Amino acid sequence: MSIQLFNTLSGTVEPLAAASGPLRMYVCGPTVYDYGHIGNFRTFLHIDVLRRTLLQQGIKLNHVMNITDVDDKIIRNAAEAGVPIGEYTKKFEQAFFEDMAWLGIQQPEHIARATEHIPEMVHLIETLEKRGYAYKAEDGSWYYRIEKFPEYGKLSKKDLEGIEQGARVDVDEYKDSASDFALWKAPKPGEQSWQTEIGAGRPGWHIECSAMAMKILGETLDLHAGGEDLMFPHHENEIAQSEGATGKPFAHHWMHVRFLLVEGRKMSKSEGNFYTLRDLLLKGYKAAAIRFLLISVPYRHQLNFTFDGLMESTNAIERLRTFHQRMKTGKWAAGSNAEISTQTAHALQEYDAALANDLNTAEARAAIFDLVRSANSAADAGQLLAENASEIVRLLERFDAVFAVLEDKDAETTRAALAWAESAGRIGEATPELLAALSLGDDEVQALVDERTQAKASRNFARADAIRRELLEKGILIEDSKDGTRWKRK
Ligand code: AMP
Ligand code: ZN
């Protein structure tokens, strides 16, 4: 089995395959100087879709994600906060992993921190020097000599001359050529630095990824991925460094996730349309709905994030969960309705084909929702039978192995986000409904719901109504159906 995936390097959609053994994939991870924003998570969520799709197809993975825990911004922010960089980044790294869990993003097989791989980076720079690609500048910094690598630009399809003309000449006066990029930065007063064989200093960002990818996965990877902004110069530089050092192809397949827009514009703090995951959770939006929205538009298409879209996504999940519940717990007559069975098989085929075709999540989602519609009307008309319901449940579970939105962990996530807000001094941003809902634990809600059911059974409707009102005030909605009473937090 394999899937077809667009390869930025070749410019075509090609089968993604492992040369041998588990698929060796490297994904550029976060720079941990702040909380992750929804643009970051669009990228990591699509990588998660890829990961889960491959696993669903029986493909084994060796997936590495790095953590950039040293760079200019980290050094500056840590200095401002008056703490060592390790202390500064730890908080954001932990928050990042927590965010990943809230969004249902699976952990890669390996996490690699830049500060734990300094010797590998130094060694790679030494190799590059021996092969004539790296030189040390007067101030003690090391640079990559781009003109030594004629294939430079092959990923982003830029030509070297254009790059040289476009390069900002003022960046560093010690470089031999304006377009050369830093491998190692000489220490500045007061900055954290490492004493190494190539001198004191700290690594450049690009060398981190080359060194860690090759250390863990070997000289040639099956797949390398990240957001589209990384294509140039970061990934181009990774190729120059790795191929310069080994003389072998660095990665066969390159995947880039298109940038997220917010309300039609580039997301930025100055535009006032910049959101971290935590900002949205405090506004009362659910992590599952954010996940569903961010993955429902295929990774190579532009996604315009809007609050209307987020509401639509919240409703869509609710519809799916209700449908799943109905199929699982409904009382169906024995047997199978051939027409529905054919529709289910067709939806399964469409779903699989859509994901295998360059991860077309929009079509995969549409195949499932078409079935929700037709199965619901068949069920309303009493035409859906027990075997149909189990086939549909199996299909929904297959869908959910990738989309991961059926299980309702909303309350748990909200609770965890509020606990963080409390400790970070941001609880004032939480909506009143969120705060009210939290004043009742799940067990307490259930006890009230049970009491209401009792009250109704004994025809004490005044008490039943009072409980419903009390729950509503605390942001809890009750839904009665012939299968019993369900409740959910708003
Ligand atoms: P950073 O923490 O800035 O190094 O970024 C982590 C990942 O998020 C990288 O793969 C970026 O390409 C990606 N990324 C950053 N901003 C956006 C955005 N607006 N849309 C999609 N991906 C993004
Ligand atoms: Zn990288």
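Residues numbered from 1 in each chain as written. Chains lettered and ligands numbered in written order. Predicted model: local features only at pLDDT ≥ 70, side-chain atom pairs only at ≥ 80, totals over all residues. Heavy atoms only, no water.

The next thing to look at is the site of ligand 1. With respect to spatial proximity, 15 residues lie near ligand 1, and among them Gly 39, Thr 43, Gly 227, Asp 229 and Leu 260 are the closest. At a separation of 3.1 Å, an oxygen atom of ligand 1 approaches a polar side-chain atom of Asn 40. Calculation on ligand 1 without its partners gives an accessible area of 500 Å², and the protein chains cover 89% of this total. Among the secondary structure elements, those contributing two or more residues to the shell around ligand 1 are α1 (38–56) and β11 (221–227). Sort the elements by how many residues they give to the shell around ligand 1 and α1 lands first, with 4 residues. Residues of the shell around ligand 1, tallied by class, amount to 5 nonpolar, 8 polar and 2 charged. (Near = heavy atom within 4 Å. Polar contact = N/O pair within 3.5 Å; in protein donor to acceptor, adjacent residues only side chain to side chain. Areas by Shrake-Rupley, 256 points an atom, 1.4 Å probe, with all protein chains shown as cover. Helix = DSSP H or I, 4+ residues; strand = E, 2+ residues; numbered from the N terminus. Nonpolar A, V, L, I, M, F, W, Y, C, P; charged D, E, K, R; others polar.)

So, about the coordination of the zinc ion (ligand 2). Donor atoms from the polypeptide that coordinate the zinc ion (ligand 2) comprise Cys 28 (SG), Cys 209 (SG), His 234 (NE2) and Glu 238 (OE), at 2.0 to 2.7 Å from the metal. Angles of 72 to 132° at the metal separate the 4 donor atoms of the zinc ion (ligand 2), which places the site in the irregular class. One chain supplies every donor to the zinc ion (ligand 2), and in sequence these donors are spaced C-x180-C-x24-H-x3-E. Here Glu 238 lies in helix α7 (residues 231–246) and Cys 209 lies in helix α6 (residues 205–217), a separation of 29 residues in the sequence. The same class applies to Cys 209 and to Glu 238, which are both buried. (Donors = N, O, S within 2.8 Å, 3.2 Å for Na, K, Ca; no water. Tetrahedral: all angles 85-135°; square planar, octahedral: opposite > 155°, others 65-115°. Buried < 20%, exposed > 50% of the residue type's maximum accessible area, 1.4 Å probe, protein only.)

The side chains of a regular strand alternate, first on one face of the sheet and then on the other. Relative to strand β17 (residues 484–489), strand β16 (residues 476–481) runs antiparallel, the two being bridged by 6 bridges. Each residue of the ladder has a partner; that of Ile 478, found in β17, is Trp 487. Here β16 folds back onto β17, and the loop between the two strands holds 2 residues. (Pairing = 2+ DSSP bridges.)

Across 5 bridges, the pairing between strand β1 (residues 3–7) and strand β2 (residues 12–16) is antiparallel. Bridge pairing links Asn 7 to Thr 12 in β2. Following β1, the chain reverses through 4 residues before pairing antiparallel with β2; Gly 11 in that reversal takes a positive phi of roughly 75°.

Quick look at the packing of helix α4 (residues 118–130) against α6 now. Between α4 and α6, the least distance of the axes is 9 Å, while the angle of their chain directions is 100°. For the element pair α4 / α6, the angle class is roughly perpendicular. In contact with Glu 120, Met 121, Leu 124, Ile 125 and Leu 128 of α4, α6 contributes Ile 207, Glu 208, Ser 210, Ala 211, Met 214 and Lys 215. Partitioning the contact of α4 with α6 into residue classes produces 7 nonpolar, 1 polar and 3 charged. (Axes fitted to C-alpha atoms, helices over the stretch in contact; angles between N-to-C directions. Parallel < 35°, antiparallel > 145°, perpendicular 65-115°, else oblique. Contact = heavy atoms within 4.5 Å.)

Note on placement: Asn 237 falls in helix α7. A sequence separation of 54 residues divides Asn 237 from Leu 183, and the C-alpha atoms of the two residues are 9.7 Å apart. Residues within four places of Asn 237 in sequence aside, it is in contact with Tyr 152, Phe 181 and His 206.

To continue, consider the sheet that holds strand β4 (residues 61–67). Pairing within the open sheet is parallel, and its 5 strands lie in the order β5-β4-β3-β11-β12. A strand with exactly one partner marks an edge of an open sheet, and here the two such strands are β5 (110–113) and β12 (251–257). Neighbour-to-neighbour, the strand axes of the sheet open up by a mean angle of 20°, direction not taken into account. Where strand β3 (residues 23–27) and β11 come together, 3 bridges link them in parallel fashion. Opposite Tyr 26, over in β11, you have His 224 as the bridge partner.

Counting across every chain of the model gives 34 salt bridges. Salt-bridge contacts for Asp 222 lead to Arg 24; the nearest nitrogen and oxygen are separated by 3.4 Å. With Asp 222 in strand β11 and Arg 24 in strand β3, this pair connects stretches of sequence that are 198 residues apart. Like Asp 222, the residue Arg 24 is buried in the burial classification. Here Arg 291 ties to Asp 48 by a salt bridge, and the two come within 2.9 Å at their closest N and O atoms. Separated by 243 residues along the polypeptide, Arg 291 in helix α9 (residues 287–296) and Asp 48 in helix α1 bring together distant segments of the chain. A residue is classified by how much of its surface remains accessible, and Arg 291, at 1% relative accessible area, is buried. According to the relative accessible area criterion, Asp 48 is buried, its value standing at 1%. Among the ionic contacts, a cluster of salt bridges with common partners joins Asp 72, Lys 185, Glu 191 and Arg 202. (Salt bridge = Lys/Arg side-chain N within 4 Å of Asp/Glu carboxyl O.)

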